[in-house]
Amino acid sequence: KVSVDLIGRCTTQRKRKGEDENAFLKRLTHINLSDKKIEKIDGLEHCTSLQCLYLYENKIKRIENLSFALNLTHLYLQDNFISRIENVGMLRNLRKLFIGGNELTEISGLASCNYLEELHCQAQRLPTDQCLTFETATLHAVSGSLQVFNIQKNNISQVSQFRVLRSLQRLDMSWNHISSFEEVGTILGNSACCELTTLEMKGNPVTKQHKFRDFVTLMSSTVSMLDGKEITKTERQFLINREAAKAQAQARYHQRSNLNNVYMDNQQSEGMRGQDMMEHAHNETFDDRYHEHDEV
């Protein structure tokens, strides 16, 4: 159990003269309990004004005993031993959740967190042949609010499920197993993550393919930073102009091909008509000679 003495040493707020213990705990808004060898979330129930709680780098296995924290906006739980997101349904004011470096196999249990703006769930301790999965209800619940999404190092190969995150601005999918342009394309464009400005993809097989940067630049009109390098307006316009020129050249080529085909068809038709006329004339000559022979 987290003691009152430990809480007092883990906040910048100080107990006022003559203030009793419960009153002091009640007005605390920030508590930093990181790296304190804590095994269980407990003993914080009097901290009802709590807004930011730091519990990273401990030995916590479960998310529990947070029903009091109705004002909590920031929760830091990274680098623990948590295997499931649970007991956060009452945290309706939660804005940022840091839960990377745990033992999660699925991101779920956030269906009530409709105001979540940042979700950091990178580098879960997963078997090499298993990827982190995402509950559909959770993705839909945060689709209108989530702006920052960090899912790097989670063995992910399919990303089309993230196209519902229409308010997403920053997406980090580095060091996963994404291998195709088509998969990346599902989250770009006006019908998907239409507010995305920063995309991190380094360490994925797809980034080694020819013209991957060009593909992202053309597919999304909003992404302005790819793997830490700015996509300028000049670069994007150059690619747009180049593709337009290619399209025009192809259109002219097809037009010429069609004209050539028409010409060849006409020539063939003329040739066949000439051949028919020659055969008809030959037949008439033969018939005349045959009749002359009969008269003789």
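Just above, that's the structure.
Residues numbered from 1 in each chain as written. Predicted model: local features only at pLDDT ≥ 70, side-chain atom pairs only at ≥ 80, totals over all residues. Heavy atoms only, no water.

## A look at the environment of Thr105
Point 1. Along the chain, Thr105 falls in the loop between strand 4 (96–98) and strand 5 (106–107).
Point 2. Measuring from C-alpha to C-alpha, the distance between Thr105 and Ser83 comes to 7.0 Å, with 22 residues separating the pair along the chain. (Helix = DSSP H or I, 4+ residues; strand = E, 2+ residues; numbered from the N terminus.)

## Description of the environment of Leu226
Point 1. Counting through the fold element by element, Leu226 comes out in strand 11 (residues 225–226).
Point 2. Between the alpha carbons of Leu226 and Thr198 there is a distance of 6.2 Å; along the sequence they are 28 residues apart.
Point 3. If we skip the residues at most four places from it in the chain, Leu226 touches Leu199, Met201, Phe212, Arg213, Val216 and Ile231. (Contact = heavy atoms within 4.5 Å.)

## Side note on the environment of Gln161
Point 1. Structurally, Gln161 is set in the loop between strand 8 (148–150) and strand 9 (170–172).
Point 2. Residue Gln161 is classed as partly exposed on the basis of its relative accessible area, which comes to 30%.
Point 3. Considering only alpha carbons, one finds Gln161 and Phe134, 27 residues apart in sequence, at a separation of 8.3 Å.
Point 4. The residues touching Gln161, leaving out its near neighbours within four places in the chain, are Phe134 and Leu139.
Point 5. A distance of 3.3 Å separates the side chain of Gln161 from the backbone oxygen of Gln158, its partner in a polar contact. (Buried < 20%, exposed > 50% of the residue type's maximum accessible area, 1.4 Å probe, protein only. Polar contact = N/O pair within 3.5 Å; in protein donor to acceptor, adjacent residues only side chain to side chain.)

## Some details on the packing of aromatic side chains
Point 1. Summed over all chains, the structure comprises eight aromatic pairs.
Point 2. Aromatic side chains Tyr76 and Phe98 sit 4.4 Å apart centroid to centroid with 10° between the ring planes, which places their arrangement in the stacked category. With Tyr76 in strand 3 (residues 74–76) and Phe98 in strand 4, this residue pair connects regions lying 22 residues apart in the sequence. Of the two residues, Tyr76 and Phe98, both sit in the buried class.
Point 3. Judged by centre distance (5.4 Å) and plane angle (85°), the rings of Phe149 and Phe162 are edge-to-face. A residue pair is termed long-range when its members are at least 10 positions apart, and Phe149 in strand 8 and Phe162 in the loop between strand 8 and strand 9 qualify at 13 residues.
Point 4. An aromatic cluster of at least three residues, connected via ring pairs, comprises Tyr54, Tyr56, Tyr76 and Phe98. (Phe/Tyr/Trp six-rings, centres within 6.5 Å; stacked < 30°, edge-to-face > 60°.)

## Regarding the pattern of salt bridges
Point 1. By the definition in use, this model includes 13 salt bridges.
Point 2. Taking the shortest distance from any N to any O, the salt bridge between Glu86 and Arg62 comes out at 3.0 Å. Remark: Arg62 occurs in the loop between strand 2 (52–54) and strand 3 and Glu86 occurs in the loop between strand 3 and strand 4; sequence separation between them is 24 residues.
Point 3. Here Glu86 falls in the buried class, since its relative accessible area comes to 16%.
Point 4. On the basis of relative accessible area, Arg62 is assigned to the partly exposed category, the value being 41%.
Point 5. The residue Arg242 makes a salt bridge to Glu243 at a minimum N-O spacing of 3.7 Å. (Salt bridge = Lys/Arg side-chain N within 4 Å of Asp/Glu carboxyl O.)

## Re the sheet that holds strand 3
Point 1. Taken in spatial order, the ten strands of this open sheet run 1-2-3-4-6-8-9-10-11-12, and their pairing is mixed. With partners counted over all chains shown, the strands left at the sheet margins are strand 1 (30–32) and strand 12 (229–230), one partner each. (Pairing = 2+ DSSP bridges.)

## What to know about the side chain of Ser167
Point 1. Structurally, the position occupied by Ser167 is in the loop between strand 8 and strand 9.
Point 2. Polar contacts involving the side chain of Ser167 include one to the main-chain carbonyl oxygen of Gly144, which spans 2.9 Å.
Point 3. Those residues in contact with Ser167, other than ones at most four positions away along the chain, are Ser143, Gly144, Ser145, Leu146, Gln147 and Glu195.

Read these as geometric descriptors, not functional statements.
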